[in-house]
Amino acid sequence: MTTEEILENLSGVEEPIGSVRIYLKNIYATKRFSFGTWNSRQHLIAAVRAGGETGYAESIITVNEPEVSMDSCLQRAESLTGKSVSAAITEVRRQRGIWPEHYVEMMEMALVDLAGKLKKMPALALLGLKGTEPVYGVYVILSDDLQDVAAKTDWAVEHGRERYIKVKLFGDNELDCGVIRTVRQHTKGRNTYLIGDVNGGYCMPGEDVPLEQIAVNLMNLREAGLNACEDPAYISLNDWVKLQTLAGDLSLIPDYPLRPSRKSIHEILPGMGRIYNIHPDSAGSIIDVVALAGRIRELGAGLMVGDDSLVGPSATIWQQLAVGLGAQWVEATEKDGESEFYYRCVQEIPTDSRINPIGVKSCFGFGIRLDEELLSREADRSVTAGETGDAHE
């Protein structure tokens, strides 16, 4: 389905937006990457009300800033109140490239959820997505401590989450091979597909590393037991194509080159990898994601749905999109030890990422129903535009 056809599906929802409430929840958890360490994440949950229904979505506004200001969130929310739902979707799309990508994406998802509930149609149908087969959720390990990697792998096996495992790699070939071997040692005899994400660690911005040297590092990862490598290096699009050729049967997964969707659809090349990553909180628009997914298929590649350490409403949204898009796997799943506050607020969602593979139950919109009275107590702060006035709570 074309973007124009999707927007036509989302037209005619004339109920005015009465209020937009943005909740902020601090998640304290250490996550290590090749580019640095996150000690906390600041999650936003949007609740957009119109016609007696509420649409929900989530994004991360920043990391390591628990006291981040929500003033800009309030100002953007104010620009949507009073507009019809369809007019608000048009306004949010007009702000692409102006508002932060994560905020545009969050508000668009919440509005699509809301439109579906008001039209009494599934969001996937409004987006023209027809996939129905359950998709495996990925268990992600973000650690450079091999004992911790071993313990987390054992947990994945014990809880039936070992079919797809993703590990963070760090651009240190010896350490990276150690992480991979540790997972393989603890998944012996199991059909585990192992993905590694280097976040560009084998050639960071400003570095000049020959492709052949990057390829040697990748072949070492393959020998250690890696099946696919995401973002091994910051390189040109043409060099991505060359590197996939040099990497043999190790499948490359471009991620950064696909951000945001509205631009990458015109830029990506065939052969950059065997699987292309659609990344939550960076795609910038789920409507544009549908078009990007079509382009990826035209290139003859598979696609997957990534994660941005989501813990709330957007996790189920991206799981549903993964099913609708026919993705090979989805990384955006609720987090053990981090999503408990959210689960306490959930009245109904149509997916359950604790069961693999993940299917989608019939629903209107994205089917998210939350107890907002409880959410208001679980959240650290919130701002509200419309109905109750411009209030900070």
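Let us look at the structure shown here. Nothing here was measured: the structure is a model prediction, and the numbers come from that model. (Residues numbered from 1 in each chain as written. Predicted model: local features only at pLDDT ≥ 70, side-chain atom pairs only at ≥ 80, totals over all residues. Heavy atoms only, no water.)

In space, the 5 strands of this open sheet follow the order S4-S5-S6-S7-S8, with parallel pairing throughout. Two strands bound the open sheet, and with one partner strand each, they are strand S4 (139-141) and strand S8 (251-253). On average, each strand axis in the sheet is tilted by 25° relative to the strand beside it, whichever way the strands run. In this structure, strand S7 (residues 228-230) lies alongside S8, joined through 3 bridges in parallel fashion. Bridging across to S8, Glu230 finds its partner in Ile253. On top of the sheet, helix H6 (residues 146-158) reaches S4 and strand S5 (164-168); it is set at about 170° to S4, its chief contact. (Pairing = 2+ DSSP bridges. Helix = DSSP H or I, 4+ residues; strand = E, 2+ residues; numbered from the N terminus. Axes fitted to C-alpha atoms, helices over the stretch in contact; angles between N-to-C directions. Contact = heavy atoms within 4.5 Å.)

Okay, unusual backbone geometry next. Along the chain, Arg259 connects to Pro260 via a cis peptide bond; the corresponding omega equals -15°. One can find Pro260 in the loop between S8 and helix H10 (261-264). In the segment running from Asn356 into Pro357, the intervening peptide bond is cis, with an omega of -5°. Tracing the backbone through its elements, the reader meets Pro357 in the loop between strand S11 (346-348) and strand S12 (369-370). At Ser309, a position not held by glycine, the phi torsion is positive, near 60°.

Moving on, we come to the packing of aromatic side chains. Considering all chains together, one arrives at 8 aromatic pairs under this definition. Arranged with centres 5.8 Å apart and planes meeting at 45°, the rings of Tyr136 and Tyr164 form a pair that is tilted. Separated by 28 residues along the polypeptide, Tyr136 in the loop between helix H5 (123-126) and S4 and Tyr164 in strand S5 bring together distant segments of the chain. Classification of Tyr164 by relative accessible area gives buried; the value is 11%. Against the face of Phe341 rests Lys25, its NZ or CZ located 5.0 Å from the ring centre. (Phe/Tyr/Trp six-rings, centres within 6.5 Å; stacked < 30°, edge-to-face > 60°. Buried < 20%, exposed > 50% of the residue type's maximum accessible area, 1.4 Å probe, protein only. Lys NZ or Arg CZ within 6 Å of the ring centre and 35° of its normal.)

This brings us to helix H3 (residues 85-94). H3 sits mainly inside the fold: 7 of its 10 residues count as buried. Listed as buried for H3 are Val85, Ser86, Ala88, Ile89, Glu91, Val92 and Arg93.

Side-chain alternation along strand S9 (residues 275-278) places Ile275 and Asn277 on one buried face and Tyr276 and Ile278 on a second face that is also buried. Two strands pair when backbone bridges link them, and S9 and strand S10 (residues 302-305) are joined in this way by 4 bridges, in the parallel orientation. Of the residues in S10, the one forming a bridge with Ile278 is Val305. In terms of handedness, the path from S9 via helix H11 (residues 286-298) over to S10 forms a crossover that is right-handed. (Right-handed = clockwise from strand over helix to strand, strands pointing away.)

For the rest of this paragraph, the subject is the nonpolar core. Ile22, Val85, Met107, Ile214, Trp318 and Leu321 are the most contacted members of the largest nonpolar core, which totals 118 residues. Examining the composition of this core, we find that 11 residues originate from one element, helix H4 (residues 101-119), more than from any other. With sequence-adjacent residues up to four places away left out, Trp318 is seen in contact with Glu105, Met109, Ile278, Pro280, Ala283, Ile286, Val289, Val305, Leu310, Val330 and Ala332. The next biggest cluster of nonpolar side chains, apart from the first, holds 8 residues, and it includes Tyr164, Ala228, Ile253 and Met304. (Core = buried A, V, L, I, M, F, W, Y, C linked by side-chain atoms within 4.5 Å.)

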